[in-house]
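Given next are the chains, with one letter for each unit.
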Amino acid sequence: MADTTSATFAPPPATNPTAVEPPKRWADEEDEAPEQPISTASAASSSYDKLAAELVEGLKVDEEEKINQYLEEPEESNITAVTSGDTPYTSASLFEDLNLSPELLKGIYVEMKFEKPSKIQAVTLPMILTSPYKDLIAQAHNGSGKTTCFVLGMLSRVDPKLMAPQALCICPTRELAMQNLEVLQKMGKYTGIIPELAVPNEKISVYKRGPVSAQVVIGTPGTIKKWMSLKKLGASYIKILVFDEADHMLAEDGFKDDSLRIMKDIERISSHCQVLLFSATFNETVKNFVSRVVKPDHNQVFVKKEELSLESVKQYKVNCPDERAKIMVVKDKIFEFGENLGQTIIFVRTKVNASMLHTELTGFGYEVTTIQGALKQEDRDRIVKEFKDGLTQVLISTDLLARGFDQQQVNLVINFDLPFKHNSPSEPDYEVYLHRIGRAGRFGRKGAVFNLLCHDRDHMLMSKIENHFGKQVTEVSSWQNVEDFKVALKEAGLL
DNA sequence: TCAGGAT
């Protein structure tokens, strides 16, 4: 594949719009982490090639509507946007183009240290912030700045003088809700807007508290649903509703029921509420479903699946004769080089495997921490904090952290187990795979992924993943040879 | 042998 950073911005079936901006990397801003200044126009820009206009599959826009209004867009973009209706949008090349308050701009420049909008931000922010406020389904690469899109959207649309919940953001895990809250607090530092976290809390009873007066609420589905049903969280003034990791939030085996319930309760009371659905992944099934969930005149932004895997993250597979060998690879190869690398996340499929691997590695005397949902919340919080503070080097995790978790120093991801679909174990979970490898290479950084394969099924899953993304994964010749791993890590740019 | 949130 030539280069995922390149593409044409062209809604079907129209002709290409005019290029208005010089090419730049898609990952010119990180997803959830504000700490790093944006590096804009990169040296890689010369290698962009132009892709043909592509159809957005699953488009469900009313045929009677004029659907081909589109943004003036940088021609080098790997996203396809389709807008619906008469509203014209102009890509925002500067944050100043967005009519943001001076307080919000100050947060963007001073606190976040952003310079200019990333690709996904340039395209979606005008859609989010232009009246009439239409629903939006937006897909963009891992680490490309999605969080900023909806956080900025929420902060910008909230009236700071009205002390009532006006924006709601729903996330699949407590960790992600907390991370998003932190971004919002930082970006909104000068706005005076008050946020609140809505996640389960053993210490504070929801029954004893008063109604929420915070203007932005970020949380997990069950808690938000509960607060709403207990009339602690009023929907009257909510005008923007965000689903982070929206494909998972609306998937059949995800949080679909809770999410729909919340959405309907809000829309019943606040019918003009704008709904934003963000994720790096939308499989065809979910894409079709979500486009029927939002209002018919919604806008869409999508990326082809072949272009979703990050070019900056080098993927490898390692054939291991048995489970024991997988542990040895982690022990002798990963820890061997680990000191010279950034941080590492080892993904396992089950809590049991997480505990097993943790016991094995600590038994060898290695320092490693493990996070999974069965731990107490305070332990989860501590482990995440230690990892984010750089106090721990290697973190074992279930898919709890597969999505959204942003830690820039992670440049190595180990798939100790490959993700597969619960209801059909011979099918890989392509979306989880993509989210996992997206934990490395945040903000366009270099990274490496090692997939440890031992059973026949692993090989089958791996080849299906390769086919799905149209990308061959390089094989490490021998699981026992330190040199092979060294070569791989050098090739990935990590040594 | 699902992991996640919440009950």
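Remember, it's a predicted structure, so these values are computed and weren't measured experimentally.

Asks: I'd love a proper account of the overall build of chain A, names of residues and values included.
Replies: Looking only at helices and strands, chain A has 14 helices and 17 strands in total. Counting every position in chain A, which comprises 495 residues, the buried fraction comes to 58%. At a minimum sequence separation of 6, the contacts of chain A that also span at least 24 residues come to 78%. If you sum the accessible surface of chain A, you get close to 19,500 Å²; carbon and sulfur atoms cover 50% of it.

Asks: Pulling in residues and values, what's your account of the UniProt feature "domain: DEAD-box RNA helicase Q" (unreviewed entry) in chain A?
Replies: As recorded in UniProt, the feature "domain: DEAD-box RNA helicase Q" (unreviewed entry) lies at residues 93-122. Across residues 93-122, the secondary structure splits into 47% helix and 0% strand, with the terminal C-alpha atoms separated by 6 Å.

Asks: Account for the packing of aromatic side chains, with residues named and values stated.
Replies: All told, the structure shown has 10 aromatic pairs when counted by the stated rule. When the centroid spacing of 4.3 Å and the interplanar angle of 25° are considered together, the rings of Phe-335 and Tyr-366 count as stacked. With a gap of 31 residues between them, Phe-335 in helix H9 (residues 323-338) and Tyr-366 in the loop between helix H10 (351-363) and strand E11 (369-371) connect regions that are remote in the sequence. Tyr-366 sits in the partly exposed class, given a relative accessible area of 28%. Plain terms: the ring middles of Phe-450 and Phe-485 are 5.4 Å apart, the flat faces sit at 45° to each other, and that makes the pair tilted. Taken together, the residues Phe-450 in strand E16 (residues 447-453) and Phe-485 in helix H14 (residues 482-491) connect sequence positions 35 residues apart. Comparing Phe-450 with Phe-485, the two get one shared label, buried. Site record: aromatic cluster; members linked through ring pairs are Phe-95, Tyr-109 and Phe-114. Across the ring face of Trp-227, the terminal group of Arg-209 is positioned such that the distance to the ring centre comes to 4.8 Å. Sitting above the plane of the Phe-302 ring, Lys-287 keeps its charged end 4.4 Å from the centroid.

Asks: Now, about the protein's contact with DNA strand B: what can you tell me, with residues and values included?
Replies: Around DNA strand B sit 21 residues in total, of which Pro-200, Thr-220, Thr-223, Arg-349 and His-422 are the nearest. Put simply, 63% of the atoms of DNA strand B that lie within 4 Å of the protein are in sugar or phosphate. One nitrogen or oxygen atom from the side chain of Thr-398 is found 2.6 Å from a phosphate oxygen belonging to DNA strand B. Broken down by element, the residue count for the surface near DNA strand B peaks at 3 residues, all from helix H5 (residues 221-229). Along the lines of polarity and charge, the residues of the surface near DNA strand B split into 4 nonpolar, 11 polar and 6 charged.

Asks: For the packing of H5 against helix H7 (residues 256-269), give the residues involved together with the corresponding values.
Replies: The description of two helices packed together rests on the angle between their axes and the distance between the axes. At a minimum axis distance of 9 Å, the contact between H5 and H7 shows a crossing angle of 35°. The handedness of the crossing between H5 and H7 comes out as left-handed. In contact with Pro-221, Gly-222, Ile-224, Lys-225 and Met-228 of H5, H7 contributes Asp-258, Arg-261, Ile-262, Asp-265 and Ile-266. Split by residue class, the contact of H5 with H7 holds 5 nonpolar, 1 polar and 4 charged.

Asks: If you had to explain the environment of Ser-144 to someone new, which residues and values would you point to?
Replies: Within the element layout of this structure, Ser-144 appears in the loop between strand E2 (136-139) and helix H3 (146-157). Classification of Ser-144 by relative accessible area gives buried; the value is 3%. Between the alpha carbons of Ser-144 and Arg-442 there is a distance of 7.8 Å; along the sequence they are 298 residues apart.

Asks: Please give an account of the sheet that holds strand E3 (residues 167-170) that cites residues and values.
Replies: Pairing is mixed across the open sheet formed by 8 strands, whose spatial order is E1-E8-E2-E7-E6-E3-E5-E4. Unpaired on one side and paired on the other, strand E1 (80-82) and strand E4 (195-198) mark the two borders of the sheet. For this sheet, the mean angle separating the axes of adjacent strands, direction not counted, is 15°. Sheet topology note: the E1/strand E8 (residues 299-302) ladder contains 3 bridges and is antiparallel. Looking at the pairing, Ala-81 lines up with Val-301 of E8. Here helix H4 (residues 174-187) sits on the sheet and contacts E3, E4, strand E5 (216-219) and strand E6 (240-244); the angle it forms with E4, its principal contact strand, is near 175°.

Asks: Which residues make up the side chain of Asp-265, and what values do they have?
Replies: Topologically, Asp-265 is positioned in helix H7. With a relative accessible area of 17%, Asp-265 lands in the buried category. In terms of polar contacts, Asp-265 uses its side chain to reach the side chain of Arg-268, at 3.2 Å.

Asks: Please give an account of the sheet that holds strand E12 (residues 394-397) that cites residues and values.
Replies: Read from one edge of the open sheet, 7 strands run E11-E12-E10-E13-E16-E9-E17, paired in parallel fashion. Each end of this open sheet is capped by a strand with a single partner; those strands are E11 and strand E17 (474-476). On average, adjacent strands in this sheet sit at an angle of 25° to one another, irrespective of strand direction. Bridging between strand E9 (residues 313-319) and E17 involves 3 bridges; their strand directions are parallel. Bridge pairing links Val-318 to Val-476 in E17. Against the sheet, H10 touches strand E10 (343-347), E11 and E12, its axis set at about 150° to E12.

Asks: Describe the pairing of E3, and please don't skip the residues or the numbers.
Replies: For a regular strand, the rule is simple: side chains alternate between the two faces of the sheet. Here E3 shows two buried faces, one formed by Ala-167 and Cys-169 and the other by Leu-168 and Ile-170. Relative to E5, E3 runs parallel, the two sharing 4 bridges. Counted as the bridge partner of Cys-169 is Ile-218 from E5. Sheet topology note: the E3/E6 ladder contains 4 bridges and is parallel. For Ile-170, the partnering residue across the bridge sits in E6 and is Phe-243.

Rules used throughout
Residues numbered from 1 in each chain as written. Chains lettered and ligands numbered in written order. Predicted model: local features only at pLDDT ≥ 70, side-chain atom pairs only at ≥ 80, totals over all residues. Heavy atoms only, no water. Helix = DSSP H or I, 4+ residues; strand = E, 2+ residues; numbered from the N terminus. Buried < 20%, exposed > 50% of the residue type's maximum accessible area, 1.4 Å probe, protein only. Contact = heavy atoms within 4.5 Å. Areas by Shrake-Rupley, 256 points an atom, 1.4 Å probe, with all protein chains shown as cover. UniProt positions renumbered as here; feature names shortened; annotations may be inferred. Phe/Tyr/Trp six-rings, centres within 6.5 Å; stacked < 30°, edge-to-face > 60°. Lys NZ or Arg CZ within 6 Å of the ring centre and 35° of its normal. Near = heavy atom within 4 Å. Polar contact = N/O pair within 3.5 Å; in protein donor to acceptor, adjacent residues only side chain to side chain. Nonpolar A, V, L, I, M, F, W, Y, C, P; charged D, E, K, R; others polar. Axes fitted to C-alpha atoms, helices over the stretch in contact; angles between N-to-C directions. Left-handed = near helix turned anticlockwise from the far one by under 90°. Pairing = 2+ DSSP bridges.

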